[in-house]
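Descriptive structure summary
The residues making up each chain are set out below.
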Amino acid sequence: MQKPKIVTTDNGFAIVTAKNTDTVSLDEVHAIVAYKLDELTTDLVCCDIVTGAADGEHIRTIHEDLCGFDAAMKAFEALPGFDRKWRDAVTLPPFATNRTVIYDRAACA
């Protein structure tokens, strides 16, 4: 069974699973929220990628254990107003969720 992975594209990313490929353009991204999940002995850094309007919002969740996570986070740095220092806000202190908005298109308008 193929593990899901994230592939960066010229203007976005794709989440590739054994069943399908979900491609998202950076132009579609309205917000990114980073946080941690407590996995007993470690934390898992996750990001919710929000696309679509409020009435048709779609959230895709990616996490640091997926191949391509770091490359995707690097690609998000192209978004105006993206918080490049997000990792410290999310990872410290350990075992706290630390939900942090690291990109909000509306705040940059």
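A brief look at the structure comes next. (Residues numbered from 1 in each chain as written. Predicted model: local features only at pLDDT ≥ 70, side-chain atom pairs only at ≥ 80, totals over all residues. Heavy atoms only, no water.)

Looking at the nonpolar core
Side chains of nonpolar character tend, in soluble globular proteins, to be buried together. Ranked by size, the top nonpolar core spans 23 residues in total, and within it Ile32, Cys47, Ile62, Met73, Phe76, Phe82 and Trp86 carry the most contacts. Secondary structure elements with two or more residues in this core: strand S2 (12-16), strand S4 (29-38), strand S5 (43-51), helix H1 (69-76), helix H2 (86-91) and strand S7 (100-104). The element best represented in this core is H1, accounting for 4 residues. (Core = buried A, V, L, I, M, F, W, Y, C linked by side-chain atoms within 4.5 Å. Buried < 20%, exposed > 50% of the residue type's maximum accessible area, 1.4 Å probe, protein only. Helix = DSSP H or I, 4+ residues; strand = E, 2+ residues; numbered from the N terminus.)

Quick word on unusual backbone geometry
Most peptide bonds take the trans form, and the phi angle of most residues other than glycine is negative. Between leucine 92 and proline 93 the backbone carries a cis peptide bond, its omega angle lying at -5°. Following the sequence through the fold, proline 93 ends up in the loop between H2 and S7. Even without a glycine there, the phi angle at asparagine 98 is positive, about 55°. Of note, asparagine 98 is situated in the loop between H2 and S7. For asparagine 98, a relative accessible area of 19% translates into the label buried.

Concerning the pattern of salt bridges
In total, this model carries 5 salt bridges according to the counting rule given. Residue arginine 60 is joined to aspartate 22 by a salt bridge in which the shortest nitrogen-to-oxygen separation is 2.6 Å. Pair noted here: arginine 60 is in strand S6 (residues 58-63) and aspartate 22 is in strand S3 (residues 21-25), with a separation of 38 residues, a long-range link. What makes arginine 60 buried here is its relative accessible area of 10%. Between glutamate 77 and lysine 74 there is a salt bridge; the shortest N-O distance is 3.4 Å. Look at glutamate 77 and you get partly exposed, because its relative accessible area is 22%. The exposure class assigned to lysine 74 is exposed, which follows from its relative accessible area of 56%. (Salt bridge = Lys/Arg side-chain N within 4 Å of Asp/Glu carboxyl O.)

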